[in-house]
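# Residue-level structural notes
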Amino acid sequence: GHYYAPFFVGISEVTGAFLFVVDLFKMFPSLREAFPVANLASRALFALSHIIVRVCYWSWVAWHMLVDNVHVLASDDVPWPLVTLCNIAGNVILTALQLYWGVLIVRMSLRTLRALQGDAPSSPSSALQGGQRYDAQRG
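Just so we're clear, the structure is a prediction, and the values are computed from it rather than from any experiment.

Quick notes on the rules
- Residues numbered from 1 in each chain as written.
- Predicted model: local features only at pLDDT ≥ 70, side-chain atom pairs only at ≥ 80, totals over all residues.
- Heavy atoms only, no water.
- Helix = DSSP H or I, 4+ residues; strand = E, 2+ residues; numbered from the N terminus.
- Buried < 20%, exposed > 50% of the residue type's maximum accessible area, 1.4 Å probe, protein only.
- Contact = heavy atoms within 4.5 Å.
- Areas by Shrake-Rupley, 256 points an atom, 1.4 Å probe, with all protein chains shown as cover.
- Salt bridge = Lys/Arg side-chain N within 4 Å of Asp/Glu carboxyl O.
- Phe/Tyr/Trp six-rings, centres within 6.5 Å; stacked < 30°, edge-to-face > 60°.
- Axes fitted to C-alpha atoms, helices over the stretch in contact; angles between N-to-C directions.
- Parallel < 35°, antiparallel > 145°, perpendicular 65-115°, else oblique.
- Left-handed = near helix turned anticlockwise from the far one by under 90°.
- Core = buried A, V, L, I, M, F, W, Y, C linked by side-chain atoms within 4.5 Å.

Helices and strands together make up the secondary structure of the protein, namely six helices and zero strands. Counting from the amino terminus, the protein carries its helices and strands in the arrangement α-α-α-α-α-α. Among the 139 residues that make up the protein, the fraction classed as buried is 32%. Pairs at least 24 residues apart make up 74% of the contacts formed inside the protein by residues separated by at least 6 positions. Carbon and sulfur atoms form 72% of the exposed surface of the protein, whose accessible area is close to 8,500 Å².

Below is the structure:
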């Protein structure tokens, strides 16, 4: 169980750095207006990092953790079966949340791309005005 802790409580949190920048632009509209390209870049980096780290890599690590926990449960030497079962349940729930947030992020990204395609190339900020609501990734 402890083998997976650096990923789940460390590496996966890298996406939070990009979300912080996204939130800065959301909290300070003047920044968004002054730096529209940086606003767009921070959103793109957050979306990309979330999909890579919290959807793809998370799912791979979670699967291996699940398999390891099932092997522990199947063995005759499981000291705390309830703890292992709770570990499995938590893993499944948190993985489902990552996948759900991934879907929301992909939808928001597609909406932003469509807005940018319909917008003048010199004005990315106006295309992003409607996409400022995203708050899902907080886990």
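What follows covers the pattern of salt bridges. Following the criterion strictly, the structure yields two salt bridges and no others. Lys26 is the partner of Asp23 in a salt bridge, and the nearest nitrogen-oxygen pair spans 3.6 Å. Remark: Lys26 and Asp23 occur in helix 2 (residues 15–27); sequence separation between them is three residues, near one turn of the helix. Asp23 sits in the buried class, given a relative accessible area of 12%.

Before going further, it helps to examine the packing of aromatic side chains. The description of an aromatic ring pair uses the distance of the two centres, along with the angle that the planes make with each other. Counted according to the given criterion, the structure contains six aromatic pairs. For the ring pair Phe7 and Phe8, a centre distance of 5.1 Å and an interplane angle of 75° mean the geometry is edge-to-face. Both residues of the pair, Phe7 and Phe8, count as buried. Here Phe7 and Tyr57 contribute two aromatic rings whose centre-to-centre distance is 4.9 Å and whose plane-to-plane angle is 90°, an arrangement assigned as edge-to-face. Taken together, the residues Phe7 in helix 1 (residues 5–8) and Tyr57 in helix 4 (residues 36–74) connect sequence positions 50 residues apart. Joined through ring pairs, the aromatic side chains of Phe7, Phe8, Tyr57, Trp58 and Trp60 make up one cluster.

Packing of helix 2 against helix 4 brings their axes to within 8 Å, and their N-to-C directions diverge by 150°. Classed by the angle they form, the pair helix 2 and helix 4 counts as roughly antiparallel. Read as a crossing pair, helix 2 and helix 4 show a hand that is left-handed. Listed contacts from helix 4 to Thr15, Phe18, Leu19, Val21, Val22 and Phe25 of helix 2 are Ala38, Asn39, Ser42, Arg43, Leu45, Phe46, Ser49, His50, Val53 and Arg54.

Before going further, it helps to examine the nonpolar core. Membership of the largest hydrophobic core is limited to eight residues, which are Tyr4, Phe7, Phe8, Val53, Trp58, Val61, Ala62 and Met65. Element by element, the count of residues in this core is highest for helix 4, at five residues. When residues no more than four places from it in sequence are discounted, the contact partners of Phe8 are Glu13, Trp58, Val61, Ala62, Met65 and Asn91. Residues Leu19, Val22, Phe46 and Ile105 belong to the second largest nonpolar core, which totals five residues.

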